[in-house]
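# Results of the structural survey
Below, each chain spelled out in residue letters.
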Amino acid sequence: MAVIEFMGEKKLNILKKLINILRYIFTGFWGFLTIIVIVFLIHRYLNPGWKSISNQDLKDYGKISLIFFSTLGILTLLKYYIRNKLNKQNNEGN
């Protein structure tokens, strides 16, 4: 966080946009993965004798979801921190 303290307004705006893009990429990838898991769960429910998603796969999906949620949380905190820093710079400039 100390690095953000010394960045200029232009660099902070670029960093904020980059964080937004990363959030959309992570959210899209996680959503796509969730849709795949839901489809496999429906397949597993409708065809109980066929091979489908296993319990280990569901556990791995849970671990991946935790990683995605923590990453999205960190990116969101960074975005809010940058926004507050930009607001503070704009208030000092006026």
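Described in the following lines is the structure provided in the data block. Being a predicted model, the structure only gives us computed values, none of them experimental.

### A short note on the overall build of the protein chain
From N to C terminus, the protein chain includes 3 helices and 0 strands. For the protein chain, whose C-alpha radius of gyration is 20 Å, the value lies well above the compact-globule estimate of 12 Å for 94 residues. Taken along its principal axes, the extent of the C-alpha atoms in the protein chain is 70 × 20 × 15 Å. Scored against the burial criterion, the 94 residues of the protein chain give a buried share of 16%. Considering only contacts in the protein chain between residues 6 or more positions apart, those separated by 24 or more positions represent 75%. Accessible surface, the protein chain as shown: approximately 7300 Å² in total, 68% of it carbon and sulfur. The positive charge centre, built from 13 side chains, and the negative charge centre, built from 5, are 4 Å apart in the protein chain.

### Thoughts on a nonpolar patch on the surface
A cluster of nonpolar residues, Leu 18, Ile 21, Leu 22 and Ile 25, forms a patch on the protein surface that exposes about 360 Å² of accessible area. In this structure, Leu 18 sits in helix 2 (residues 9–46).

### Side note on the environment of Trp 30
Relative to the helices and strands, Trp 30 resides in helix 2. Counting along the chain gives 35 residues from Trp 30 to Ser 65, while the straight-line C-alpha distance between them is 7.4 Å. Beyond its immediate chain neighbours, meaning those up to four positions away, Trp 30 contacts Tyr 61, Ser 65, Phe 68 and Phe 69.

### With respect to the packing of aromatic side chains
Counted by the stated rule, this structure contains 3 aromatic pairs. Residues Phe 29 and Phe 68 carry aromatic rings whose centres are separated by 5.7 Å and whose planes lie at 45° to one another, so their mutual orientation is tilted. Of this pair, Phe 29 sits in helix 2 while Phe 68 sits in helix 3 (residues 55–93); the two residues are 39 residues apart in sequence, bridging distant segments of the chain. For the ring pair Trp 30 and Phe 69, a centre distance of 5.1 Å and an interplane angle of 55° mean the geometry is tilted. Taken together, the positions of Trp 30 in helix 2 and Phe 69 in helix 3 put the pair 39 residues apart, joining distant regions of the chain.

### Side note on the environment of Phe 29
Under the relative-accessibility criterion, Phe 29 is labelled partly exposed at 49%. Each C-alpha atom of the pair Phe 29 and Phe 68 lies 9.4 Å from the other, and the pair is 39 residues apart in sequence.

Definitions and cut-offs
- Residues numbered from 1 in each chain as written.
- Predicted model: local features only at pLDDT ≥ 70, side-chain atom pairs only at ≥ 80, totals over all residues.
- Heavy atoms only, no water.
- Helix = DSSP H or I, 4+ residues; strand = E, 2+ residues; numbered from the N terminus.
- Rg over C-alpha atoms; globule rule 2.2 N^0.38 Å.
- Buried < 20%, exposed > 50% of the residue type's maximum accessible area, 1.4 Å probe, protein only.
- Contact = heavy atoms within 4.5 Å.
- Areas by Shrake-Rupley, 256 points an atom, 1.4 Å probe, with all protein chains shown as cover.
- Lys, Arg positive; Asp, Glu negative; His and termini not counted.
- Charge placed at Lys NZ, Arg CZ, Asp CG, Glu CD.
- Patch = residues over 30% accessible without salt bridge, like charges linked within 9 Å, V, L, I, M, F, W, Y side chains within 5 Å.
- Salt bridge = Lys/Arg side-chain N within 4 Å of Asp/Glu carboxyl O.
- Phe/Tyr/Trp six-rings, centres within 6.5 Å; stacked < 30°, edge-to-face > 60°.

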